[in-house]
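Descriptive analysis of the structure
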Amino acid sequence: MDKYCIQTYGCQMNVHESEKIAGVLQARGMTACADVADADVIVLNTCCVRETAETKIYGHLGRIKSAKKRDAVLIVCGCMTQRSEVAQSLVKRCPFVDIVLGTFNQSLIGDYLDRFIHTGVKTVDIWRSEKDGELRDTPPARTSGINAWVNIMYGCNNFCTYCIVPYVRGRERCRPIDDIISDVDGLISSGYKQITLLGQNVNSYKWQDKKFVDLLKMLESDKKYRLKFMTSHPKDISIELADLFARSNNLAHSLHLPVQSGSDRILREMNRHYTRDEYFRKIDAFRAAVPDIGLSSDIMVGFPTETEDDFMQTLDLVDRVKYNNLFMFIYSRRSGTPADKMPQLDYKTKQERIDRLIKRQFEISKAIAGDSVGKTCEVLVAEKTGSKCYGKAQNDAAVTFDNETATVGDFVQVKITSAVNANLKGEAI
Ligand code: 5AD
Ligand code: SF4
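Residues numbered from 1 in each chain as written. Chains lettered and ligands numbered in written order. Predicted model: local features only at pLDDT ≥ 70, side-chain atom pairs only at ≥ 80, totals over all residues. Heavy atoms only, no water.

**Some thoughts on the overall build of the protein chain**
If you tally the helices and strands in the protein chain, you get 13 helices and 21 strands. Taken against the 2.2 N^0.38 rule, which gives 22 Å for 429 residues, the C-alpha radius of gyration of the protein chain at 22 Å falls within 12% of a compact globule. Along the first, second and third principal axes, the C-alpha atoms of the protein chain reach 65 × 55 × 45 Å. The buried share among the 429 residues of the protein chain stands at 52%. Summarising the internal contacts of the protein chain: among those between residues at least 6 apart in sequence, 73% fall at separations of at least 24. As displayed, the protein chain offers around 19,100 Å² of accessible surface, 51% of which is attributable to carbon and sulfur atoms. Averaging the coordinates of the 59 positive side-chain charges in the protein chain and doing the same for the 56 negative ones gives two points 3 Å apart. (Helix = DSSP H or I, 4+ residues; strand = E, 2+ residues; numbered from the N terminus. Rg over C-alpha atoms; globule rule 2.2 N^0.38 Å. Buried < 20%, exposed > 50% of the residue type's maximum accessible area, 1.4 Å probe, protein only. Contact = heavy atoms within 4.5 Å. Areas by Shrake-Rupley, 256 points an atom, 1.4 Å probe, with all protein chains shown as cover. Lys, Arg positive; Asp, Glu negative; His and termini not counted. Charge placed at Lys NZ, Arg CZ, Asp CG, Glu CD.)

Printed below as a string of structure tokens:
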């Protein structure tokens, strides 16, 4: 047992959890490999936020079955298998899977692996415990280059009517503020240039009398690093945060603030607890405090009962906000959520709306990128091949430039010389 291969679906939370699983396996002396055919232990970390993810995962499991070594151990974990009906059907459909875990007990992966190796006993354990004291963080084997992910909280209390997350990740649990601060201090001291705080709704972070804004203030440092966080909820994000952005040495000038829809009626049906006007007011406050802020969002089309008029409201919102980057999704039915029981739209209407939205956003991103030409920005170099450097500007725009001396982890002033669609090219100054 000396090689492992972890394959991850889904969001940054999953990416970081895979790093924790890698930490457990490395502590046993194992090393990572990229090809499942070489691995003694294969881990598939799954997502269930949309049906497309689940379908892909089943297809992927079939491919793993034919590519893996005969005696390799196959572990499936994450959000998809936290749903008991899915865990049960998975072991029936895929008897070649050896260990099934959910999201709550991934830290037990080493124990179950030992049990399987020594006794051949397969395990399905999706038992959940949501007590704070039982969150067992394993030191992660980090794989995200100059960036380090740091959980500040787990779970979600919001129950947006389309979303499966609260069912598979449980209620909100915040990590102790001192633990977060010491993690971040340690990571900066060991050379990480970007820290991304993770939580399903970071704005509702609370530890004793400290709130999210207090945590960010406590993470201010004289050492040069970029501080990011995700995900924010428009109902909870405070205007105080806009002022902090304006003053901070560390906070990156980018904000991901998922709006989901531009229609007040749909936002109510989604249980989002804000109106489009309230959303605009918050966006205006952030833009006033930080004029160069890069804004991004998640938008879903085809939510049950969405009319053409509702959808036009979404297009109008996108036109008004002018996001730098937008993640666009077709609503996907998730069993057990309230929206699954509402009247559904046909596939063609949903597909046609997403096509229109993608087209509109493409034009906006292109125009924003075009406006950047001639401007100067600070780029954090994330990768370098030969003399070609790739990184992100303060506002999260992707920038490439040629430079012999810059190295990964450097902050470089770059003048933007051209834009191809949303990709910026520049030269170091
Ligand atoms: N269908 C489609 N998209 C969804 N998201 C969450 N649940 C669903 C669903 N059932 C999207 C939301 C969220 C992002 C992470 O995934 O836009 O912000
Ligand atoms: Fe899902 Fe809403 Fe929680 Fe985000 S805030 S994880 S969309 S329930």
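**Describing the site of ligand 2**
Close to ligand 2 lie Cys-156, Asn-158, Phe-159, Cys-160, Tyr-162, Cys-163, Val-165, Pro-166, Gln-200, His-233 and Arg-272. Its residues placed into classes, the shell around ligand 2 shows seven nonpolar, three polar and one charged. (Near = heavy atom within 4 Å. Nonpolar A, V, L, I, M, F, W, Y, C, P; charged D, E, K, R; others polar.)

**Here we look at the nonpolar core**
Ile-195, Leu-197, Phe-212, Leu-215, Phe-229 and Leu-241 are the most contacted members of the largest nonpolar core, which totals 54 residues. Top contributing element to this core by residue count: helix α7 (residues 177–189), with six residues. Counting residues in hydrophobic clusters, the runner-up holds 29 residues, among them Cys-48, Met-80, Ala-87 and Val-168. (Core = buried A, V, L, I, M, F, W, Y, C linked by side-chain atoms within 4.5 Å.)

**A short note on the packing of helix α12 (residues 308–321) against helix α13 (residues 347–372)**
The interhelical angle for the contact between α12 and α13, taken along N-to-C directions, is 15°, at an axis separation of 10 Å. In this view, α12 runs roughly parallel relative to α13, as classed from their interaxial angle. The two elements α12 and α13 meet at a crossing, and its hand is right-handed. Touching Glu-308, Phe-311, Met-312, Leu-315, Val-318 and Asp-319 of α12 are Arg-353, Arg-356, Leu-357, Arg-360, Gln-361 and Ile-364, all from α13. Per-class residue counts for the contact of α12 with α13 are six nonpolar, one polar and five charged. (Axes fitted to C-alpha atoms, helices over the stretch in contact; angles between N-to-C directions. Parallel < 35°, antiparallel > 145°, perpendicular 65-115°, else oblique. Left-handed = near helix turned anticlockwise from the far one by under 90°.)

**Focus: the pairing of strand β10 (residues 194–198)**
Regular strands show a simple pattern: their side chains alternate between the two faces of the sheet. Within β10, five of the five residues are buried, leaving the element largely enclosed by the surrounding structure. What you see with β10 is no split at all: Gln-194, Thr-196 and Leu-198 on one side and Ile-195 and Leu-197 on the other are buried throughout. Here β10 runs beside strand β13 (residues 226–230); their pairing, made up of five bridges, is parallel. Its bridge partner lying in β13, Gln-194 is registered against Arg-226. (Pairing = 2+ DSSP bridges.)

**Points about the side chain of Thr-196**
With respect to the helices and strands, Thr-196 occurs in strand β10. For Thr-196, a relative accessible area of 4% puts it in the buried group. Not counting residues within four places of it along the chain, the set of residues in contact with Thr-196 comprises Asn-147, Ala-148, Trp-149, Val-150, Lys-228, Phe-229 and Met-230.

**Details of the sheet that holds strand β2 (residues 31–32)**
Within the open sheet, the six strands sit side by side as β2-β1-β3-β4-β5-β6. Their pairing is parallel. The two strands at the open ends of the sheet, each matched to only one other strand, are β2 and β6 (123–125). Where helix α1 (residues 12–27) meets the sheet, it contacts β1 (3–8), β3 (41–46) and β4 (73–78), and its direction lies at approximately 170° from that of β1. Here helix α4 (residues 84–93) sits on the sheet and contacts β4, β5 (99–101) and β6; the angle it forms with β5, its principal contact strand, is near 165°.

**Considering α4**
For α4, the set of buried residues is Val-86, Ala-87 and Leu-90. All buried residues of α4 project into a common sector of 100° when viewed along the axis, lining one side. In this fold, the buried residues of α4 make contact with α2 (51–67), β4, α3 (79–82), β5 and β6. (Arc of directions from axis to C-beta.)

**Side note on the sheet that holds strand β14 (residues 254–256)**
Strand pairing in a sheet is mediated by backbone hydrogen bonds. Such pairs are either parallel or antiparallel. Pairing in this open sheet of three strands is parallel, and the strands run β14-β15-β16 from one edge to the other. With partners counted over all chains shown, the strands left at the sheet margins are β14 and β16 (325–330), one partner each. Between one strand axis and the next, the sheet turns by 10° as a mean value, whatever way the strands run. Of the strands in this sheet, β15 (294–301) and β16 touch α13, which is tilted by about 175° from β16.

**Some remarks on helix α11 (residues 276–289)**
Over its 14 residues, α11 extends 20 Å from the first C-alpha to the last, a length consistent with the 20 Å expected when each residue adds 1.5 Å. All buried positions along α11 are accounted for by Arg-276, Tyr-279, Phe-280, Lys-282, Ile-283 and Phe-286. The arc that holds the buried residues of α11, viewed along the axis, is 165°, so those residues lie on one side. Structural note: α11 exposes Arg-281, Asp-284 and Ala-288 on the side pointing more than 90 degrees away from its buried face. (Expected span 1.5 Å × (residues − 1).)

**Considerations on the pattern of salt bridges**
A complete count under the given rule lists 24 salt bridges for this structure. The residue Asp-98 makes a salt bridge to Lys-122 at a minimum N-O spacing of 3.4 Å. In this pair, Asp-98 is assigned in the loop between α4 and β5 and Lys-122 in the loop between α5 (109–119) and β6, connecting sequence segments 24 residues apart. The class of Asp-98 is buried, set by a relative accessible area of 8%. Classification of Lys-122 as partly exposed rests on a relative accessible area of 42%. Here Glu-306 and Arg-353 are joined by a salt bridge, their closest N and O atoms 3.0 Å apart. Taken as a pair, Glu-306 in the loop between β15 and α12 and Arg-353 in helix α13 lie far apart in primary sequence, 47 residues in all. For the pair shown, Glu-306 and Arg-353 are each scored as buried. Because the salt bridges share partners, they merge into one network encompassing Glu-306, Glu-308, Glu-352, Arg-353 and Arg-356. (Salt bridge = Lys/Arg side-chain N within 4 Å of Asp/Glu carboxyl O.)

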